[in-house]
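Close look at the chain arrangement
Residues per chain are reported as follows:
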Amino acid sequence: QVQLVESGGGLVLVGGSLRLSCASSTRIFKFNRMGWYRQAPGKQRELVASITGGGAPNYADSVKGRFTISRDSAKNTVYLQMNSLKPEDTAIYYCNADVLYYSGGVEYGSWGQGTQVTVSS
């Protein structure tokens, strides 16, 4: 079983930056799509950014130009660089992988435990 572990969240002032990391507990050979979702209190979970196994990124309109998703295959890690943070970016951020191929086989629908991001004015 693959575990995804997020880190890098915290408290930041408006306009500040954070970099979130999503590390896999095991070596990943490939994946279809990995993404970052967020859920604010009282709101539904929403997709923030995703990246395909081929490296193509996709962003929600609300974060375009401010957030950048990237991956380091050697470290089995996906990152979310968040710049120009706004109070409305405050949420728990979750890492997700739709299909992962690893030494133990295939894993579907993996989620991390989440990391809190709080943007204060």
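In case you missed it, the structure is sitting above this.
Note that the structure is a prediction, hence the values are computed from the model and not measured.

Turning our attention to the nonpolar core. Counting residues in each nonpolar core, the largest one holds 31 residues, and the members touching the most others are M34, W36, L80, M82 and Y93. When residues of this core are traced back to their parent elements, those giving at least two are β3 (18–24), β4 (28–31), β5 (33–39), β6 (46–52), β8 (67–72), β9 (77–82), β10 (91–102) and β12 (115–120). In this view, Y93 contacts E6, L20, W36, Y37, R38, V48, F67, L80, M82, G114, T115 and V117; residues no more than four positions away in its chain are not counted.

Here we take up the pairing of β10. Here is the key point about a regular strand: its side chains alternate between the two faces of the sheet. The buried fraction of β10 is high, at nine of 12 residues. Sheet analysis places β4 next to β10, joined by three bridges and oriented antiparallel. Across the sheet, I28 pairs through a bridge with Y102, a residue of β10. Alignment of β5 against β10, held across six bridges, turns out to be antiparallel. Bridge assignment links R38 to a residue of β10, and that residue is Y93. Where β10 lies against β12, three bridges are found, and the strand directions are antiparallel. By the bridge assignment, Y93 is partnered in β12 with T115. Relative to strand β11 (residues 105–111), β10 is paired through six bridges, and the arrangement is antiparallel. Counted as the bridge partner of Y101 is V106 from β11. In this structure, the hairpin formed by β10 and β11 is closed by a connection of two residues.

Here is what the cut-offs are and how they apply
- Residues numbered from 1 in each chain as written.
- Predicted model: local features only at pLDDT ≥ 70, side-chain atom pairs only at ≥ 80, totals over all residues.
- Heavy atoms only, no water.
- Core = buried A, V, L, I, M, F, W, Y, C linked by side-chain atoms within 4.5 Å.
- Buried < 20%, exposed > 50% of the residue type's maximum accessible area, 1.4 Å probe, protein only.
- Helix = DSSP H or I, 4+ residues; strand = E, 2+ residues; numbered from the N terminus.
- Contact = heavy atoms within 4.5 Å.
- Pairing = 2+ DSSP bridges.

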